[in-house]
Amino acid sequence: MEGLTINQAAQTTGWSPRMLRYVERAGLVTPGRSDSGYRLYGPAELQRLRTLKELLSRFGVGLSDVAFAARMARSPELRDAVQGWLAAKPRRPDDVSAEDWLRFEQEKHERLLAAA
């Protein structure tokens, strides 16, 4: 397979070799491999990197945003959980009075932080 090495691809695209590895780990670009296991970037990968850079610039998003969107596209369970969270409205538990709701939530957060 012919292609550019990671250093050549970095020079060509303006991405650093480190960022190219991150993009690969995030599943956004999958370069081929040489018989020796070196990454090889062909025209398809170079196009994906160029259009990825354009996407980031056009929408003012970060690479981690696109990586997360890709994870959501691959995982129906994650997508449903995020959509459910976005649609959910805050709701006071029935057994907590309105006056105690703030304290109740603060204590829950403190317990979560202590357990971490």
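Residues numbered from 1 in each chain as written. Predicted model: local features only at pLDDT ≥ 70, side-chain atom pairs only at ≥ 80, totals over all residues. Heavy atoms only, no water.

Topic: the environment of Ala-44
With respect to the helices and strands, Ala-44 occurs in helix 3 (residues 43-59). Sequence separation between Ala-44 and Val-29 is 15 residues; the distance between their C-alpha atoms is 9.2 Å. (Helix = DSSP H or I, 4+ residues; strand = E, 2+ residues; numbered from the N terminus.)

Notes on a nonpolar patch on the surface
Judged by side-chain polarity, Leu-55, Phe-59 and Val-61 come together as a nonpolar surface patch covering roughly 250 Å² of accessible area. You can see Phe-59 is positioned in helix 3. Residue classification places Phe-59 among the exposed positions, given a relative accessible area of 52%. (Patch = residues over 30% accessible without salt bridge, like charges linked within 9 Å, V, L, I, M, F, W, Y side chains within 5 Å. Areas by Shrake-Rupley, 256 points an atom, 1.4 Å probe, with all protein chains shown as cover. Salt bridge = Lys/Arg side-chain N within 4 Å of Asp/Glu carboxyl O. Buried < 20%, exposed > 50% of the residue type's maximum accessible area, 1.4 Å probe, protein only.)

Examining helix 1 (residues 6-13)
For an α-helix, 3.6 residues make a turn, and residues three or four places apart therefore share a direction. Turning to helix 1, its buried residues are Ile-6, Ala-9, Ala-10 and Thr-13. Each buried residue of helix 1 lies within a common arc of 105 degrees when the element is viewed along its axis, so the set occupies one face. Exposed and facing more than 90 degrees away from the buried side of helix 1 are Gln-11 and Thr-12. Of the residues trailing helix 1, Gly-14 is marked for its positive phi of about 85 degrees. (Arc of directions from axis to C-beta.)

Digging into helix 4 (residues 63-74)
With twelve residues, helix 4 should cover 16 Å at 1.5 Å per step; its first-to-last C-alpha distance of 17 Å lies within 8% of that length. Buried residues belonging to helix 4 abut helix 2 (17-25), helix 3 and helix 5 (76-87). (Expected span 1.5 Å × (residues − 1). Contact = heavy atoms within 4.5 Å.)

Here we look at the side chain of Glu-45
When you line up the elements, Glu-45 lands in helix 3. Buried charged residue Glu-45 carries no salt bridge. Nearest counter-charge: Arg-48, at 8.3 Å. Within polar-contact distance, the side chain of Glu-45 engages the backbone nitrogen of Gly-42 at 2.7 Å. In this structure Glu-45 touches Val-29, Thr-30, Pro-31 and Leu-40, once residues within four positions along its chain are discounted. (Lys, Arg positive; Asp, Glu negative; His and termini not counted. Polar contact = N/O pair within 3.5 Å; in protein donor to acceptor, adjacent residues only side chain to side chain.)

Section: the pattern of salt bridges
Two side chains of opposite charge can pair, provided their charged atoms sit close to one another. Evaluation of the coordinates by the stated rule reveals seven salt bridges. Measuring nitrogen to oxygen at the nearest pair gives 2.4 Å for the salt bridge that ties Arg-39 to Glu-24. Separated by 15 residues along the polypeptide, Arg-39 in strand 2 (residues 39-40) and Glu-24 in helix 2 bring together distant segments of the chain. A salt bridge links Glu-105 to Lys-108; the nearest nitrogen and oxygen atoms lie 3.9 Å apart. A residue pair is termed a helical-turn pair when its members lie 3 or 4 positions apart in one helix, as Glu-105 and Lys-108 do in helix 6 (residues 101-115) at three residues. Counted as one network, the salt bridges with shared partners bring together Glu-24, Arg-33 and Arg-39.

Keep in mind that these numbers describe shape and distance, not what the molecule does.
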